[in-house]
Amino acid sequence: MARPILTIDLNAIAENWRALDSLSAAHVTTGAAVKADGYGVGAAVAARTLSAAGCGTFFVATAPEAMEVRDALGSGAEIYVLNGAVEGLSEIVAADARPVLNARTDVEMALEFARQHETPLSCALQFETGMNRLGLSSAETEWLAQTDVSALSVQVLMSHFACADEAGHPLTREQITRFNELVPALRDRFPNAKLSLSATGGVLLGADAHFDLTRPGVGLYGADPFCDARPVIRLEAPILRVWDVKPGETSGYGATWTATRPSRLATLPLGYADGLPRSLSGRGEAKVGGRIVPLAGRVSMDLIVLDVTDVPDAAPGDMAVLLDDELTVDRMATSAGTIGYEILTSLGDRAIRRYKPSAVTDGKGDVSA
Ligand SMILES: *Cc1c(COP(=O)(O)O)cnc(C)c1O
């Protein structure tokens, strides 16, 4: 079948989790973010792989994601919904998951829900320490201090770094200080709750960012800022056709590429509708016959063209490699002017997914050994 193939190395995901887990002390619980369909690799398979590696705490963004991960894992694992009560408390509870309460309105919704159902609602509370995105503001934190929240069973007290992936950024230090300032009162009030501040970047910062529970995501999938990560994904696509053009002939929409020598072009069946950034136009690269070759012209919706002049025996049916251990997610991200997170979460919708090893599957796409 002439389709792109995304191969996902599950052992690499497990190994990356173990490597990040080993960076914090034994008493620190290492969780895993599997939101956005497990950063594009498949949430159900990622969650099962991580669970088998020893992970018991998972973070997703939405209620449907929580349901998918619960279905994959069965009972037992803890699943937190980062976007909070607005995702629908009934849906979250139906998935046996826990909302992260990010605002006074979230807490009020949760209290109301717990009263109606006459059972304590397990949840996390997020506090704002500098990102100004989600979390209780200082005014809301004061309100919380004077509010009876005994209807909530608060399991996690968390905040999130804005700049943990930028070495030495002063906001990181400030956020650790602000979080530590909140801790004594919170520990008093919620003595059994875990404190959590760090995603991948924070895990790499060192012990004073680890607290009780970490939430790495992108590093598990082999991308920056975890530069020692094992690459997880490989993206290939078959050459559809090859032909020769004369100097002066152009390639693609807008005729932005012009042959400067007798050239050979190869067309591949993937484009921006497959999640390949259009900003790779004129700057992307791929590997054909083990050799790195440039894109010729723009990324179209469903196709790209490579300049394979230097690989004269390239032929239809040969696989071109877009991502591997050398052409990494972060290298593509740099060429495209974006970040590895966006590359990971964009790919995979149309590609055939293959898992290596194939012991677990999400029922989506092909699975091969
Ligand atoms: C996405 C996210 C994570 C995981 O972040 P990475 O940078 O991918 O490790 C952790 N915590 C929160 C609140 C998030 O939104």
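All figures in this text were calculated on a predicted structure; none of them were measured in a lab.

(A) Structural view of the side chain of R70. Structurally, the position occupied by R70 is in helix α4 (residues 63–73). Judged by relative accessible area, R70 falls into the buried class, the value being 9%. One polar contact links the side chain of R70 to the main-chain carbonyl oxygen of A77, over a distance of 2.9 Å. In contact with R70, other than residues within four places in its own chain, are S75, G76, A77, I79, A95 and D96.

(B) Local environment of the side chain of S198. Inspection of the secondary structure assignment puts S198 in the loop between β9 (194–196) and α9 (200–205). Owing to a relative accessible area of 0%, S198 belongs among the buried residues under this scheme. A distance of 2.6 Å separates a polar side-chain atom of S198 from the backbone oxygen of A209. Residue contacts for S198: discarding those within four places in its chain leaves F161, V203, A209, H210, T214, R215 and P216.

(C) Broad picture of the pattern of salt bridges. On inspection of all chains with the given rule, the structure shows 19 salt bridges. A salt bridge links K356 to D9; its shortest N-O distance comes to 3.9 Å. Note that K356 is positioned in strand β20 (residues 352–356) and D9 in strand β1 (residues 5–9), a separation of 347 residues in sequence. For K356, a relative accessible area of 42% translates into the label partly exposed. Residue D9 is classed as buried on the basis of its relative accessible area, which comes to 12%.

Criteria and thresholds
Residues numbered from 1 in each chain as written. Predicted model: local features only at pLDDT ≥ 70, side-chain atom pairs only at ≥ 80, totals over all residues. Heavy atoms only, no water. Helix = DSSP H or I, 4+ residues; strand = E, 2+ residues; numbered from the N terminus. Buried < 20%, exposed > 50% of the residue type's maximum accessible area, 1.4 Å probe, protein only. Polar contact = N/O pair within 3.5 Å; in protein donor to acceptor, adjacent residues only side chain to side chain. Contact = heavy atoms within 4.5 Å. Salt bridge = Lys/Arg side-chain N within 4 Å of Asp/Glu carboxyl O.

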